[in-house]
Amino acid sequence: MSPSRPARHPAWGIALVALIALAGLFYVKWSPYYDRAFTAAQTHSIGASILTGGQDAPPAPSLHAALDYAKAYGLAIWKALLLGLLLGSAIQTLLPPRWIERWLGRPDAGGVVTGGLLSIPSMMCTCCAAPVIAGLRHCRAAPGNTAAYWLGNTMLNPATLVFMGFVLGWHWAGLRLALGLAMVLGLGWALNRMSRADCAPVDDSAPAAFDTDPAYFQPGQVLRRWARAFAGMALRLLPEYLVLVLLLGAARAWLFPVLDFSIDNGLLWIVGAALVGTLFVIPTAGEVPIVQALLALGVGVGPAAALLVTLPPVSLPSLAMVSRSFRRSELAVLALGVVALGVIGGGLAIALGFGG
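From a predicted model like this one, the values you see are computed outputs, not experimental measurements.

## Some words on the confidence of the model for the protein
- Residues with a pLDDT of 70 or more make up 91% of the protein, whose mean pLDDT is 90.
- This stretch, residues 1-7, has a pLDDT under 50; its non-local contacts, to residues over four places away or in other chains, come to nine contacts.
- Within the model, pLDDT remains below 50 along residues 199-212, and this stretch shows 21 contacts once partners closer than five positions in the same chain are excluded.

Right, here's the structure in full:
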């Protein structure tokens with residue numbers, strides 16, 4: 001008898017993932033951001049700070065403050081979060097795993113660059129990208145390559161950089177891009193170095209066990225697996241995510257106790273802003289109106305720059321959502337790296353005379 005040949009992954013599944021990604025990103029990201037760029041150019045604003053809701057200070061901690069923030073945040077991100085869940089579960093069930101391994105499986109510099117490049121058109125916030133991270137890691141994408149994709153969604157987001165240039169000034173956008181590249185490439189490289197000893201080489205010629213079973217790729221079975229993966233991912237990620245968003249929304253007044261000229265360029269203020277920015281959660285481009293409002297209130301450029309760098313890439317909810325996809329040591333390196341680059345960003349803003 002001749003040896004069994006591996007079944008081909010269904011082309012319709014691959015086409016479906018591509019359709020979801022292209023149509024979803026066009027509807028949720030590309031089209032709205034295109035229109036929003038003209039608004040930013042004409043008005044030099046993209047809206048009020050979600051941190052304060054247009055007021056001078058965050059509301060006092062309360063259930064009402066928690067619900068208000070969760071509502072404002074949820075309305076801003078729910079479409080992208082749904083898209084993230086669809087894509088994350090589809091990656092697990094509809095794409096050939098060896099594709100992910102071939103492009104993102106090797107813990108090398110090429111994989112980090114690939115992850116960063118793939119993130120540029122995605123443009124999701126850190127929490128909305130978390131389900132995609134779970135899908136990639138399920139398919140054995142290397143930690144550093146996956147982290148590069150995750151961080152690049154926010155830090156290399158071309159729409160946010162355009163908004164930033166029109167609203168805050170192109171020098172702010174340049175600072176953010178430089179530190180974003182350092183974060184994506186540097187932290188991706190660091191995580192790959194940490195995991196390289198534990199990663200076995202990827203063998204593109206060895207089929208997975210299920211590849212030899214043609215029934216595995218029957219449309220009915222594939223769609224049922226996708227539905228189960230989607231439901232399991234939603235039930236696993238959303239409850240903890242919602243609880244943490246509510247807690248952070250209620251604690252805004254504690255995390256940001258004063259928002260005026262008393263926040264100067266002292267090192268403690270910069271470090272504090274970097275720590276708070278790393279923990280707090282915002283929608284895509286939410287840091288732009290936040291920093292604009294802070295600068296208008298007289299906050300020093302050092303703390304403002306620290307928030308500009310640390311608010312988007314990670315947050316307490318997003319770190320919780322990807323906690324099963326990375327080791328604790330890897331998450332610690334990610335969080336500490338974001339804080340460190342936030343402090344560096346604050347120092348650079350002062351040294352370059354952004355307040356002049």
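Now that the structure has been shown, we can carry on.
## Here's the deal with helix H1 (residues 11-43)
- The end-to-end C-alpha distance of H1 is 46 Å, a good match for the 48 Å that 33 residues give at a rise of 1.5 Å each.
- Largest kink in H1: about 50°, centred on Phe 26.
- By the burial criterion, the buried members of H1 are Gly 13, Val 17, Ile 20, Gly 24, Leu 25, Val 28, Lys 29, Tyr 33, Ala 37 and Ala 40.
- Buried positions along H1 lie against helix H2 (63-94), helix H7 (158-167) and helix H9 (219-250).
- Remark: His 44 follows H1 within two positions and exhibits a positive phi of approximately 55°.

## Some words on the pattern of salt bridges
- Scanning the model with the defined rule gives four salt bridges in all.
- A salt bridge links Glu 287 to Arg 176; the nearest nitrogen and oxygen atoms lie 2.9 Å apart. Here Glu 287 is found in helix H12 (residues 287-296), whereas its partner Arg 176 is found in helix H8 (residues 170-195), with 111 residues between them in sequence. As far as the burial class goes, Glu 287 and Arg 176 line up, both buried.
- The closest approach of N and O atoms between Glu 240 and Arg 324, which form a salt bridge, is 3.6 Å. Note that Glu 240 is positioned in helix H9 and Arg 324 in the loop between helix H14 (316-321) and helix H15 (328-351), a separation of 84 residues in sequence.
- Residue classification places Arg 324 among the exposed residues on the basis of a relative accessible area of 56%.

## Notes on the environment of Phe 280
- Tracing the chain through its elements places Phe 280 in the loop between helix H11 (267-279) and H12.
- On the basis of relative accessible area, Phe 280 is assigned to the buried category, the value being 0%.
- Note: C-alpha distance between Phe 280 and Thr 310 (30 residues apart in sequence) is 8.9 Å.
- Those residues in contact with Phe 280 that sit more than four places away from it in its chain are Leu 51, Tyr 69, Leu 248, Arg 252, Leu 255, Phe 256, Leu 311, Val 314 and Ser 315.

## Some remarks on empty space enclosed by the protein
- Scanning the model with the defined rule gives one cavity of 30 Å³ or more in all.
- For the largest cavity, the calculated volume is near 60 Å³.
- Lining of the largest cavity is provided by Cys 125, Thr 126, Thr 154, Asn 157, Thr 160, Arg 176, Ile 282, Pro 283, Thr 284, Ala 285, Glu 287 and Pro 312.
- Class assignment of the residues belonging to the lining of the largest cavity gives a composition of five nonpolar, five polar and two charged.

## Let's talk about the side chain of Ser 325
- If you trace the backbone, Ser 325 turns up in the loop between H14 and H15.
- Classification of Ser 325 by relative accessible area gives buried; the value is 10%.
- In contact with Ser 325, other than residues within four places in its own chain, are Ile 133, Ala 134 and Arg 137.

Cut-offs used in this document
- Residues numbered from 1 in each chain as written.
- Predicted model: local features only at pLDDT ≥ 70, side-chain atom pairs only at ≥ 80, totals over all residues.
- Heavy atoms only, no water.
- pLDDT = per-residue confidence, 0-100.
- Contact = heavy atoms within 4.5 Å.
- Helix = DSSP H or I, 4+ residues; strand = E, 2+ residues; numbered from the N terminus.
- Expected span 1.5 Å × (residues − 1).
- Bend = angle between axes of the 7 residues up to and from the residue.
- Buried < 20%, exposed > 50% of the residue type's maximum accessible area, 1.4 Å probe, protein only.
- Salt bridge = Lys/Arg side-chain N within 4 Å of Asp/Glu carboxyl O.
- 1 Å grid on protein atoms, 1.4 Å probe; cavity = no way out; pocket = protein on both sides within 12 Å on 5 of 7 lines; lining within 4 Å.
- Points joined across faces, edges and corners; volume = space filled by probe spheres on them.
- Nonpolar A, V, L, I, M, F, W, Y, C, P; charged D, E, K, R; others polar.

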